[in-house]
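Overview (structure and organization)
Here's the letter readout for the chains.
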Amino acid sequence: MNYEDFMKKEKEPEIVEEEEVAEEPLEIDVQKAVVESLAADKAERELEIEELRKEKARLSEALAGADAEKTSLKEEIRRLENEKVNLKAESENLRKELAKIGEILTKNTELPLSSQISLLERSTEIDDKFEGETRDHVIEVIREARDACEKNGRLRRAQLLESVLVANEAVGELSKRREYLEKLFADNQNLINGQVINELDKLGIAYKSGENYLLAKEIVERNY
């Protein structure tokens, strides 16, 4: 072996080591790139999973709201059905009451004159000052008499008077006019001043007896 061959053999291992050392950084870079890619994929998947969880939560809330609204609608339907039943029952009761009143009125026209209470007449010499004046007065008198009879234990008379009240309804104009006059006096401290006198003149109501002015209570009682 000459010196050149020896030198070649000595140099060959050094070349191999340089090649192996040169390959190691490349493998690390590849592995690093793979790891980073996997990490990026994992992060992306985690974001997608989080979005899916949020979407699921939103859907759950929407379903819960829909269920609540459905329950509310069912309750409203049930309430309306109950109200319908109640209205039907009230309508039936009203129909029965009207039928009873109709029967009473029919009997009043068929019974002898002594029992025809609802057909009582009055003298035509005194005309009504407003619609239903006489009727309202008579019904009020009967109501007061019934109350007095009940208080004094005159039950039979109270029952008869009650039957008259059931068969006869007041027009209501009398109480309206009385309430209006009482309010007029109350607003003016029960004084017969110029404003009150003007209003009484319009109504055709006297406020003096001779030369003396009447009290507010006296005017109401004299007229209504």
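Only a predicted model underlies this, so the values are computations on that prediction, with no experimental measurement involved. (Residues numbered from 1 in each chain as written. Predicted model: local features only at pLDDT ≥ 70, side-chain atom pairs only at ≥ 80, totals over all residues. Heavy atoms only, no water.)

So, about the pattern of salt bridges. As enumerated under the stated definition, the model contains nine salt bridges in all. Of the charged contacts, one joins Arg 79 and Glu 83 as a salt bridge, the two residues approaching to 3.1 Å between their closest N and O atoms. Of this pair, Arg 79 and Glu 83 are both found in helix α1 (residues 3-110), four residues apart, which corresponds to roughly one turn of the helix. Look at the salt bridges and you will find they share partners, linking Glu 76, Arg 79 and Glu 83 into a network. (Salt bridge = Lys/Arg side-chain N within 4 Å of Asp/Glu carboxyl O. Helix = DSSP H or I, 4+ residues; strand = E, 2+ residues; numbered from the N terminus.)

Looking now at helix α6 (residues 216-223). Listing the buried residues of α6 in full gives Ala 216, Ile 219, Val 220 and Asn 223. Projection of α6 onto a plane perpendicular to its axis shows the buried side chains occupying an angular sector of 95°, all on one side. Turned more than 90 degrees off the buried face of α6, the exposed positions are Lys 217, Glu 221 and Arg 222. Looking at the packing, one finds that the buried side of α6 touches α2 (133-152), α4 (173-187) and α5 (194-203). (Buried < 20%, exposed > 50% of the residue type's maximum accessible area, 1.4 Å probe, protein only. Arc of directions from axis to C-beta. Contact = heavy atoms within 4.5 Å.)

A few words now on the confidence of the model for the protein. With 78% of its residues at a pLDDT of at least 70, the protein reaches an overall mean of 80. Within the protein, no element has a lower average pLDDT than α1, which sits at 72, and none a higher one than α4, at 94. Contacts for the low-pLDDT stretch residues 15-23, under 50 throughout, to residues beyond four places or in other chains number zero contacts. (pLDDT = per-residue confidence, 0-100.)

Looking at where Asn 168 falls in the secondary structure, it is placed in the loop between α3 (155-167) and α4. Note on Asn 168: relative accessible area 10%, which makes it buried. One polar contact links the side chain of Asn 168 to the main-chain carbonyl oxygen of Val 164, over a distance of 2.8 Å. (Polar contact = N/O pair within 3.5 Å; in protein donor to acceptor, adjacent residues only side chain to side chain.)

Where α2 meets α4, the axes come as close as 8 Å, and the angle between the chain directions of the two elements is 90°. Taken together, the axes of α2 and α4 lie roughly perpendicular to each other. Listed contacts from α4 to Asp 136, His 137 and Glu 140 of α2 are Glu 173, Leu 174 and Arg 178. Its residues assigned to classes, the contact of α2 with α4 comprises one nonpolar, one polar and four charged. (Axes fitted to C-alpha atoms, helices over the stretch in contact; angles between N-to-C directions. Parallel < 35°, antiparallel > 145°, perpendicular 65-115°, else oblique. Nonpolar A, V, L, I, M, F, W, Y, C, P; charged D, E, K, R; others polar.)

Right, let's get into unusual backbone geometry. A positive phi angle, close to 55°, is found at Gln 189, a residue other than glycine. Note that Gln 189 resides in the loop between α4 and α5. Its identity is not glycine, yet Asn 190 carries a phi of approximately 60°, on the positive side. One can find Asn 190 in the loop between α4 and α5.

Our next topic: the nonpolar core. Residues Leu 181, Phe 185, Leu 200, Ile 205, Ile 219 and Tyr 224 are the most contacted members of the largest nonpolar core, which totals 15 residues. The element best represented in this core is α4, accounting for four residues. Once residues lying within four places of it in the same chain are set aside, the contact partners of Tyr 224 are Phe 130, His 137, Leu 174, Arg 177, Arg 178, Leu 181 and Ile 205. Among the nonpolar cores identified, the runner-up in size contains seven residues, and Ile 139, Ile 142, Leu 161 and Leu 165 belong to it. (Core = buried A, V, L, I, M, F, W, Y, C linked by side-chain atoms within 4.5 Å.)

Turning our eyes to something else, we now look at the packing of aromatic side chains. A full pass over the atoms with the stated rule returns two aromatic pairs. Ring centres of Tyr 207 and Tyr 213 lie 6.0 Å apart, and the angle between their planes is 15°; this geometry places the pair in the stacked category. Overall, the relative accessible area of 17% leaves Tyr 207 in the buried class. In this arrangement the basic side chain of Lys 208 is found over the ring face of Tyr 213, its NZ or CZ atom lying 5.0 Å from the centre. (Phe/Tyr/Trp six-rings, centres within 6.5 Å; stacked < 30°, edge-to-face > 60°. Lys NZ or Arg CZ within 6 Å of the ring centre and 35° of its normal.)

A word on the packing of α2 against α3. Between α2 and α3, whose axes approach to 8 Å, the crossing angle comes to 150°. As judged from the angle between their axes, α2 and α3 are roughly antiparallel. Like other packed secondary-structure pairs, α2 and α3 cross with a definite hand, here left-handed. When α2 is examined against α3, the residues Ile 139, Ile 142, Arg 143, Ala 145, Arg 146, Cys 149 and Glu 150 are found in contact with a partner set consisting of Arg 157, Ala 158, Leu 161, Glu 162, Val 164 and Leu 165. (Left-handed = near helix turned anticlockwise from the far one by under 90°.)

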